[in-house]
Amino acid sequence: MFNNSLLTTTLRTALIAGGAYAVIPAAFAQEQATDSDSGTIATSSSERISVIGSRIRRDGLDSDTPIEVISAEMATEMGINTVGELLRTATVASGSNQLISAMSVGSVTAGGAGNESISMRGLGANRTLVLLNGRRAGPAGTRGEVSAFDMNALPISAIERVEILKDGASSLYGSDAVAGVINIITKRGDDSSINVNVTQPFESGGETYRINGTLGRSFSAGSWRVVGDYRLDQELKRGDRDYFGCQPRYFFDRETNERVDPIDPRTGEFHCNALESAMWLWDGGAENYLGGRLVYDYDGSHAAAGRPQYNAVNPGDMSVPEGWYPVGFDYESDGWTNANHPFVYNQSMIPRQEVASLFGQFDYDLSDNISMYGELMYSRRETQIAGYRQFWEPFIPGGVVDGFDGDMFYDPTPVTDHSGSTTTIDYVRGVVGFEGAIGFWNWDASYQRSFNRGTYDTKLIYEDSLELSHDVLWGDPCSGVVTSISNRPCVEVPWFTPEFINGEFSQDVRDFLFGEERGRTYYKQDTFDAYITGDLYELPAGQVGAAFGFSYQTDEIVDTPGEQTLQGNAWGSTSAGITQGSAETTAFYGELQIPVVRDLPFMESFDLTASGRWTDVSTYGSGTTYKVGANWTVGNGFRVRASRGTSFRAPALFELFLENQTSFISQNNDPCLNWGARLEEGSISELLAGNCSLAGVPADYAVPNASMTSYTGGGAGVLEAETSVSNGLGVVWSTVDNRFGASIDLYDIEISGQVDNVGGMDVVNGCYFSEDFANEPLCSQITRHDGTGNDWGIDEIYGGFLNVASQRVRGSDIMFSYMDDTPIGFVRFTLNHTIQFERTYQQFVDSPEINYVGRLGNPRHSGTAYLSVENGDWKYNWQTRYYGSVDNYDAYTNGRNITYRGIEAYFVSEASSVFYHTASVARTWDNFEVTLGVANIFDTHPPRVSPSYASAVGNSALYSQYDLIGRRAFLNLEYQF
């Protein structure tokens, strides 16, 4: 219990006094209020605590690495409902695109649908270590790529604060702490309360409702606390916001800057260009073919406008039934395509989520020198996503289906709302530990188990049903026939009817084509950790502190996709096998804190810290990491800190054991296609042409056949651990009374041998653009056809996880704070700002280096400003989040310039600086507190971009920095007892 009481009473004041100055001062409201008359903060220099970034128990005033502390109070004051949302306000996350639930709509994301993780500095969530009360929080999620903690698992009502160590720390905490460490500290003490929270957007959709209760008690020998939390996030549909619905091209004339999008004559507005429901056409030689597609005239508008139809004049000409019209073959006809189906507006923008959590913890003194503690957490999350999609199968020549004639291939492509998923995750984490003292040394030993069990129910389209329906079109029998894998009785599918293409299906057709399947994910992590810390001996400048420890960890994953996916029968989806594997990690570590100098001119103190770790991973091998730091207190409130350390990250289980996933790539992507003619016209290099020739591909090979098959799998037996080097240098200043404080810290992290998922086309391009083709190892992962039937195309590609990439981030974190009693009340102001100098990525040694800083999702400048005024029972809060201007134009050869239907135009792939403002007011009575506020006060919408050149929904940029919901009010009612 002694350790917990010290953490509770000391850490916050210790950090603000200078050890970790990049903080949000709301964390210190209680301590400051007790001494507000003098305007100083009372601290206890005799108490020694464990601060994130060190295993040594010390006074918390001498951190040589920057630490940011975020109080959970901010969540209430700013209308924040999840731990992930709270962490995204930190500058270590604001400068890069983070995984949010909206990104799992229509895409398979790491951890599965609804998962939210934090990627510090943009280096990846699997390079950010998350601790819960100083101990690892095991991974949570679904599907094969589970490796990070899901921030939805822990209710925000259970936490007191979050400590963010903004520096690599593998020598102390082991693998994954490459970019830094997030330590979530839960509430303690004997306060109890009930909270009701409502977040209500000014427009419908995206509401959040929360109710939680906590009961805590302290007694002479210990304490305990239980927290229960229920949260419901209502779905936000695309149709709920104008800026997510219609999806125009958003092109502009280079000379006049006027919009050049085609107009939809049916609405008089710019044409919406989402997924089309149409009859796609493939030219077989028909002379009257205009290009584009066919659509049906559902409302008579095409006929009313006198639009042309296909009528055969010459042999082989196209002819189609009455009511079908050509579209998408020129500028005017682009406006007539059917690409704004009502299904669009029912697609989830933010999925519906329901989360129920229970968290409990206790500590108990077994004797004067030994205490026992424990934690138990259970969380259940259900995420529902509604989507829509196209599908197709028949590739039918003219003359097979009545009315559709000519030298043409017809490919009916309907849309359906049979798309989406329901994901359910049960997460359990338990901890039991003992801590005590042996003389002047303190020890701690704990065991943790986290257990994740998830299911993902996915709507699918049966591949074997589509194939059978195609055969029936050619005249094969249907009656009495069942599909080969899904065992569905055959139903004749009306592919060529207008109703079918418009997504209107009879129930028997639905039952034949559509289904659902359930995949299951299991992840278990066990960790034993023990360390001892104390003083070794005394130097003239003070005691030499030390900590030594041992850690043993096991991880196990089993991901079993649904039955149809396992058999490759889920149309439009990659097939995948069972991902299964385990790993054992053993580590020994140590740390020293050495006081070198005290009380000299311009050197009030100078301390060194050093830590080292030896780690052995059963799936990789062993390695060592180290970290050294210096902390120089100059005087007059100035302090200089510096650190250098190495880190490594053992490959995650999914990177090792992901079972082969199969996808198909068009042969049109083959770089050797028609290489002779392309060399003559100067569109390819001699290097590429020479490599294609060495591969035996004829110069005139120009007619590709079937798709190439791409396999992606884990790299067990091949992968090695990533390594990295982290450097930090900072200056800290604070006044004696702590009214003013500031810091500036430079960071530089470089990763070598980064594990990267090398996809099919990465392998192909890496091979054929290699300057050493004969010895290029990637070429051994490609097989080609032997020319039979003049087919020289690529047959199979074997990609997967390899140690190939490097990544580097450099930048600066700046903080300024002010707090004091004033005539209007106790005022606190904090500004946290990050400047990114570099975030480069290089996939292969001979690949171009890409700098993402300044691109969408990666602003050079980002930060948060916070102001509060506390006067008696009233408290007023204002927060501003801001993100600098960004654009993607350097990613394109011609910048933003394009030619659309002969028009010299430009697209938009940029965003100006964005500011989001939140304000709230809180009133406290004896046992009751009400907080009322408005988030996104000025209803700032996401920036508008051209969807073909940026991640977007509608014309709205889809990056984690931008608010998707709009202006919303929030209310929190708290009753304490």
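The rules behind the values
- Residues numbered from 1 in each chain as written.
- Predicted model: local features only at pLDDT ≥ 70, side-chain atom pairs only at ≥ 80, totals over all residues.
- Heavy atoms only, no water.
- Helix = DSSP H or I, 4+ residues; strand = E, 2+ residues; numbered from the N terminus.
- Rg over C-alpha atoms; globule rule 2.2 N^0.38 Å.
- Buried < 20%, exposed > 50% of the residue type's maximum accessible area, 1.4 Å probe, protein only.
- Contact = heavy atoms within 4.5 Å.
- Areas by Shrake-Rupley, 256 points an atom, 1.4 Å probe, with all protein chains shown as cover.
- Lys, Arg positive; Asp, Glu negative; His and termini not counted.
- Charge placed at Lys NZ, Arg CZ, Asp CG, Glu CD.
- Disulfide = S-S within 2.5 Å.
- 1 Å grid on protein atoms, 1.4 Å probe; cavity = no way out; pocket = protein on both sides within 12 Å on 5 of 7 lines; lining within 4 Å.
- Points joined across faces, edges and corners; volume = space filled by probe spheres on them.
- Nonpolar A, V, L, I, M, F, W, Y, C, P; charged D, E, K, R; others polar.
- Pairing = 2+ DSSP bridges.
- Salt bridge = Lys/Arg side-chain N within 4 Å of Asp/Glu carboxyl O.
- Phe/Tyr/Trp six-rings, centres within 6.5 Å; stacked < 30°, edge-to-face > 60°.
- Axes fitted to C-alpha atoms, helices over the stretch in contact; angles between N-to-C directions.

Student: Quick question: what am I supposed to make of the overall build of the protein chain here?
Tutor: Helix and strand counts for the protein chain stand at 16 helices and 54 strands. For the protein chain, the C-alpha radius of gyration of 31 Å lies close to 30 Å, the compact-globule estimate for 977 residues. Taking the principal axes of its C-alpha atoms as reference, the protein chain extends roughly 100 × 65 × 60 Å. The buried share of the protein chain, reckoned over its 977 residues, is 59%. Counting contacts in the protein chain only where the partners sit at least 6 residues apart, residues at least 24 apart contribute 72% of the total. Element-wise, carbon and sulfur atoms account for 53% of the exposed surface of the protein chain, whose accessible area totals about 37,800 Å². Positive and negative side-chain charges of the protein chain, numbering 65 and 124 respectively, have mean locations separated by a distance of 7 Å.

Student: Help me understand helix α9 (residues 463–473) in this model?
Tutor: What sets the pattern is the α-helix's 3.6 residues per turn: residues three or four places apart point alike. Counting buried residues in α9 gives eight out of eleven residues, a clear majority hidden from the surface. Every buried residue of α9 is listed here: Glu 463, Asp 464, Ser 465, Leu 466, Leu 468, Ser 469, His 470 and Val 472. The inward-facing, buried residues of α9 abut β23 (396–397), β27 (441–461) and α11 (507–513). In the stretch just after α9, Gly 475 is the one whose phi turns positive, near 110°.

Student: Honestly, the state of the cysteines in this entry has me stumped. Any pointers?
Tutor: Here a disulfide denotes one covalent bond, and it connects the sulfur atoms of two cysteines. Scanning the model with the defined rule gives four disulfides in all. The disulfide partner of Cys 246 is Cys 272, and the S-S distance across this bridge is 1.9 Å. Sign of the S-S torsion, about -115° for the bond between Cys 246 and Cys 272, identifies this disulfide as left-handed. Of this pair, Cys 246 sits in the loop between β12 (236–237) and β13 (251–253) while Cys 272 sits in the loop between β15 (269–270) and β16 (278–283), and the two are 26 residues apart along the sequence. Note on Cys 272: relative accessible area 10%, which makes it buried. The side chain of Cys 672 participates in a disulfide bridge whose partner is Cys 692; the two sulfur atoms lie 2.0 Å from each other. With the S-S bond torsion at -85°, the cross-link from Cys 672 to Cys 692 turns out left-handed. Here the residue Cys 672 occupies a position in the loop between β35 (661–665) and α14 (675–680), and Cys 692 occupies one in helix α15 (residues 686–694), the gap between them amounting to 20 residues. The exposure classification of Cys 672 matches that of Cys 692, with both residues buried. In the protein chain, numbering the disulfide-bonded cysteines from first to last in sequence yields the connectivity 1-2, 3-4, 5-6, 7-8.

Student: In this structure, what is going on with empty space enclosed by the protein? I would like to understand it.
Tutor: Rolled over the atoms, a probe with the dimensions of a water molecule shows which regions are left empty. Scanning all chains against the criterion turns up 13 cavities of 30 Å³ or more. Of the pockets and cavities examined, the second largest cavity occupies roughly 760 Å³. Elements supplying a minimum of two residues to the lining of the second largest cavity: α5 (91–94), β11 (222–233), β45 (874–883) and β50 (914–924). In terms of residues, the lining of the second largest cavity owes the most to one element, β45, which gives three residues. Of the residues belonging to the lining of the second largest cavity, the class tally is 13 nonpolar, 19 polar and eight charged.

Student: Would you mind showing me how to read the pairing of strand β38 (residues 740–758) here?
Tutor: Each regular strand displays side chains that alternate between the two surfaces of the sheet. Summarising the sheet, strand β37 (residues 722–734) and β38 pair through twelve bridges and their orientation is antiparallel. For Trp 733, the partnering residue across the bridge sits in β38 and is Ala 742. Connecting β37 to the next strand, β38, in antiparallel fashion are five residues, including Asn 738 with a positive phi near 65°.

Student: Looking at this model, I keep getting lost on unusual backbone geometry. Mind explaining?
Tutor: Comment: phi is negative for the bulk of residues other than glycine, and the bulk of peptide bonds are trans. In this structure, Arg 121 takes a positive phi of about 60° despite not being glycine. Along the chain, Arg 121 turns up in the loop between α5 and β5 (128–132). Classification of Arg 121 as buried rests on a relative accessible area of 4%. Of note, Phe 602 is a non-glycine position whose phi angle comes to about 60°, a positive value. Examined against the element boundaries, Phe 602 turns out to sit in the loop between β31 (579–600) and β32 (603–617). Judged by its relative accessible area of 66%, Phe 602 is exposed.

Student: Even after reading the chapter, I still don't get the pattern of salt bridges, so can you show me in this structure?
Tutor: When their charged atoms lie close together, side chains carrying opposite charge are able to pair. Evaluated as defined, the whole model comprises 41 salt bridges. A salt bridge links Lys 166 to Glu 68, with the shortest nitrogen-to-oxygen separation between them at 3.7 Å. Highlighted residues: Lys 166 in the loop between β7 (159–165) and α6 (170–173) and Glu 68 in strand β4 (residues 67–71), separated in sequence by 98 residues. Glu 68 matches Lys 166 in its accessibility class, with the two residues each being buried. In the salt-bridge network here, residues are joined through shared partners; they are Glu 68, Arg 121, Lys 166 and Asp 813.

Student: I tried to follow the packing of aromatic side chains on my own but got confused; where do I start?
Tutor: All told, the structure shown has 44 aromatic pairs when counted by the stated rule. Residues Tyr 892 and Tyr 949 carry aromatic rings whose centres are separated by 5.5 Å and whose planes lie at 70° to one another, so their mutual orientation is edge-to-face. Here Tyr 892 is found in the loop between β46 (886–887) and β47 (897–900), whereas its partner Tyr 949 is found in the loop between β51 (928–935) and β52 (952–953), with 57 residues between them in sequence. In textbook terms, an aromatic cluster arises when at least three aromatic residues are bridged by ring pairs, as seen for Phe 251, Tyr 331, Tyr 889, Tyr 892, Tyr 900, Phe 907 and Tyr 949.

Student: What is the right way to read the sheet that holds β13 from this model?
Tutor: Sheets are built from strands paired through backbone hydrogen bonds, the pairs being either parallel or antiparallel. The strand order across the open sheet formed by three strands is β13-β48-β47, and the pairing between neighbours is antiparallel. Strands with a single pairing partner mark the edges of an open sheet, and in this sheet they are β13 and β47. Averaged over all adjacent pairs, the angle separating strand axes in this sheet is 50°, with direction ignored. Examined bridge by bridge, β47 and strand β48 (residues 903–907) share four bridges and lie antiparallel to one another. Paired with Asn 897 across the strands is Tyr 906, a residue of β48.

Student: Help me understand the sheet that holds β35 in this model?
Tutor: Taken together, five strands build an open sheet; the order of strands is β30-β35-β36-β40-β39 and the sheet is mixed. The strands lining the two open edges of the sheet, one partner per strand, are β30 (575–576) and β39 (782–784). With three bridges joining them, β39 and strand β40 (residues 794–798) adopt antiparallel strand pairing. Each residue of the ladder has a partner; that of Ile 782, found in β40, is Ile 797.

Student: It is not clear to me how the pairing of β31 should be interpreted in this structure. Could you clarify?
Tutor: Bridge count between strand β29 (residues 542–560) and β31: 15 bridges; the pairing is antiparallel. Within the sheet, the bridge partner assigned to Asp 555 lies in β31 and is Ala 583. Pairing of β31 with β32, which is carried by 14 bridges, proceeds in the antiparallel orientation. Bridging across to β32, Phe 588 finds its partner in Trp 614. Between the end of β31 and the start of β32, which pair antiparallel, lie two residues, with Phe 602 showing a positive phi angle near 60°.

Student: Got a minute to help me understand the environment of Gly 285 in this structure?
Tutor: By secondary structure assignment, the location of Gly 285 is in the loop between β16 and β17 (293–296). Taking the C-alpha atoms as reference points, Gly 285 and Ile 164, separated by 121 residues in sequence, lie 65 Å from one another.

Student: Would you take a moment to explain the side chain of Thr 709 for this structure?
Tutor: With respect to the helices and strands, the residue Thr 709 is situated in strand β36 (residues 708–712). With residues up to four places along the chain from it excluded, the contact list for Thr 709 reads Thr 662, Ser 663, Phe 664, Asp 795, Glu 796 and Ile 797.

Student: Would you mind going over the environment of Ala 677 with me for this structure?
Tutor: Residue placement: Ala 677 occurs in helix α14. Accessibility expressed as a relative area gives 36% for Ala 677, which makes it partly exposed. In this structure the C-alpha to C-alpha distance between Ala 677 and Ile 396, which are 281 residues apart in sequence, comes to 31 Å.

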